[in-house]
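This is what each chain is made of:
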Amino acid sequence: MASGTIKIDVDGHVATLTISRPEKLNALDLDMLKALADAADQVEANANVRAAILTGEGKGFSAGGDIKAWGGMLPQEFGHLWVRHGHRIFERLATLRMPLIAALNGHALGGGLELAGVADIRLAEQHIKIGLPETGLGMVPGWSGTQRLVRRFGAQAVRRMALGGEIFTAEEARLLGIVDAVVPTGNALTAAREYAGRIAARGPAATEIAKLMIASANGEDNGTAVEALGSILAAKTGDLKEGVASFSEKRPATFKGEW
Ligand SMILES: C/C=C/C(=O)SCCNC(=O)CCNC(=O)[C@H](O)C(C)(C)COP(=O)(O)OP(=O)(O)OC[C@H]1O[C@@H](n2cnc3c(N)ncnc32)[C@H](O)[C@@H]1OP(=O)(O)O
């Protein structure tokens, strides 16, 4: 039986994904990773969705990777099943076509902060704790805490959390640029819905394109954003229509250079 689920609710142009394993503060094990990937696929397949929200059920956002799931894992399993697999799923979420807002209703620690880090905007309730406590367990941050979070939050903030074990309040995290705004306890989801409505009212195609361009400028994409934009552009040309038609009609293509 799966350990927990990701609940999906779509309201108008906004999808809300809720990490639902409240009795373990939404700690993430392999089942939960799979559920996150499935949820990303579902939301992205819905052409009506222009903004998404990620939040947690109960009092946690996510207390990170499920420490108890590590028991008995061989080092190579840890590397492949846990870390590399997690990378792929976090990358899937970071590259959702629509902006993603993390509504931090509770603590975001370790893998929970790495998960919050895939979002485009982070809104945190005032009482929550934010940190990367892994080295205190004899482990390193493994779901891009030393990579994506360094690019997005800056190396110094990550050094303080990962090397010094500092746990930040929401306000400290805001001052460091880790979260974008602090809201009263109980208000993260409402604030995220307001922000999502603001995004959804803007040009959806332009917003998607801008998200790709920002990822590229921030060195997050290994060139794939340029490839995605180039494919969209090529797909709109008359040349593609002619190329596909010529293939089906088994004749040489006659290109007119139609953009
Ligand atoms: C690649 C990724 C690596 C990682 O992410 S490593 C993990 C990094 N995260 C942490 O080190 C945080 C671990 N959790 C905590 O330190 C504490 O929790 C909190 C400070 C977040 C909250 O403390 P309190 O409010 O007292 O709750 P509670 O009784 O400790 O937790 C409630 C239940 O949730 C389980 N739980 C919490 N975090 C995790 C976790 N990361 N992995 C597995 N289980 C977790 C507990 O064990 C317990 O469950 P039970 O009632 O059955 O004992």
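Residues numbered from 1 in each chain as written. Predicted model: local features only at pLDDT ≥ 70, side-chain atom pairs only at ≥ 80, totals over all residues. Heavy atoms only, no water.

You'll find the protein entered in an unreviewed UniProt entry as Enoyl-CoA hydratase/isomerase family protein, with Rhizobium leguminosarum bv. viciae given as the organism. The UniProt entry for the protein carries the following text under Sequence similarities (unreviewed entry): "Belongs to the enoyl-CoA hydratase/isomerase family." (UniProt positions renumbered as here; feature names shortened; annotations may be inferred.)

Comments concerning the overall build of the protein
Across its full length, the protein carries 10 helices and 10 strands. Against the globule reference of 18 Å for 259 residues, the protein gives a C-alpha radius of gyration of 20 Å, in line with a compact fold. Counting all 259 residues of the protein, 43% fall into the buried class. If you take every contact in the protein between residues at least 6 apart in sequence, the share linking residues at least 24 apart comes to 68%. For the protein, the accessible surface area stands at approximately 13200 Å², while carbon and sulfur atoms represent 58% of it. On the protein, the mean spot of the 28 positive side-chain charges and the mean spot of the 29 negative ones are 1 Å from each other. (Helix = DSSP H or I, 4+ residues; strand = E, 2+ residues; numbered from the N terminus. Rg over C-alpha atoms; globule rule 2.2 N^0.38 Å. Buried < 20%, exposed > 50% of the residue type's maximum accessible area, 1.4 Å probe, protein only. Contact = heavy atoms within 4.5 Å. Areas by Shrake-Rupley, 256 points an atom, 1.4 Å probe, with all protein chains shown as cover. Lys, Arg positive; Asp, Glu negative; His and termini not counted. Charge placed at Lys NZ, Arg CZ, Asp CG, Glu CD.)

Examining the side chain of Ser144
Structurally, Ser144 can be placed in the loop between strand 8 (129-131) and helix 4 (148-153). Classification of Ser144 as buried rests on a relative accessible area of 14%. Sequence-distant contacts of Ser144, that is, excluding residues within four places in its chain, are made with His87, Glu114 and Leu149.

Overview of the domain arrangement of the protein
Many authors give the size of an interface as the accessible area that is lost as the parts come together. Here the protein is partitioned into domain 1 (5-200) and domain 2 (204-248). The interface is formed by 12 residues belonging to domain 1 together with seven residues belonging to domain 2. At the boundary of domain 1 with domain 2, the tally comes to three salt bridges. Applying the counting rule to domain 1 against domain 2 returns five residue pairs in polar contact (both at pLDDT 80 or more). Secondary structure elements with two or more residues in the side of domain 1 that touches domain 2: helix 2 (75-94) and helix 4. Looking at the side of domain 1 that touches domain 2 residue by residue, the classes come out as six nonpolar, no polar and six charged. (Domains from an automatic or database assignment. Salt bridge = Lys/Arg side-chain N within 4 Å of Asp/Glu carboxyl O. Polar contact = N/O pair within 3.5 Å; in protein donor to acceptor, adjacent residues only side chain to side chain. Nonpolar A, V, L, I, M, F, W, Y, C, P; charged D, E, K, R; others polar.)

A short note on the site of the ligand
Taken together, 21 residues lie around the ligand, and Lys24, Ala63, Gly65, Ile67 and Gly111 are the ones closest in. A distance of 3.1 Å is found between an oxygen atom of the ligand and a side-chain nitrogen or oxygen belonging to Lys59. Take Ile67: an N or O atom from its main chain is 3.0 Å from a nitrogen atom of the ligand. Broken down by class, the residue content of the shell around the ligand amounts to 10 nonpolar, five polar and six charged. (Near = heavy atom within 4 Å.)

Observations concerning the nonpolar core
For soluble globular proteins, nonpolar side chains are generally found buried alongside one another. Leu104, Leu113, Leu115, Ile130 and Ile178 are the most contacted members of the largest nonpolar core, which totals 53 residues. Per element, the largest residue contribution to this core is eight residues, and it comes from helix 1 (residues 30-45). Residue contacts for Leu104: discarding those within four places in its chain leaves Phe61, Ala116, Arg122, Leu123, Ala124, Glu125, Ile128, Ile130, Val179 and Ala188. In this structure, Ile53, Ile121, Ala196 and Ile199 belong to the second largest nonpolar core, which totals 13 residues. (Core = buried A, V, L, I, M, F, W, Y, C linked by side-chain atoms within 4.5 Å.)

Thoughts on the confidence of the model for the protein
Overall, the predicted model of the protein reaches an average pLDDT of 96, with 100% of residues at or above 70. Within the protein, helix 9 (residues 224-235) has the poorest average pLDDT of any element, 93, and strand 5 (residues 100-104) the best, 99. (pLDDT = per-residue confidence, 0-100.)

Observations regarding helix 1
Under the 1.5 Å per step criterion, the end-to-end length of helix 1 is 23 Å for 16 residues, consistent within 8% with the ideal 22 Å. Along helix 1, the residues classified as buried are Met32, Leu33, Ala35, Leu36, Ala37, Ala39, Ala40 and Val43. The secondary structure elements touched by the buried residues of helix 1 are strand 1 (5-11), strand 2 (14-20), strand 3 (51-56), helix 2 and helix 3 (111-116). Taking the backbone nitrogen of Asp31 as reference, a side-chain oxygen 3.2 Å away marks Asp29 as the first, capping residue of helix 1. (Expected span 1.5 Å × (residues − 1).)

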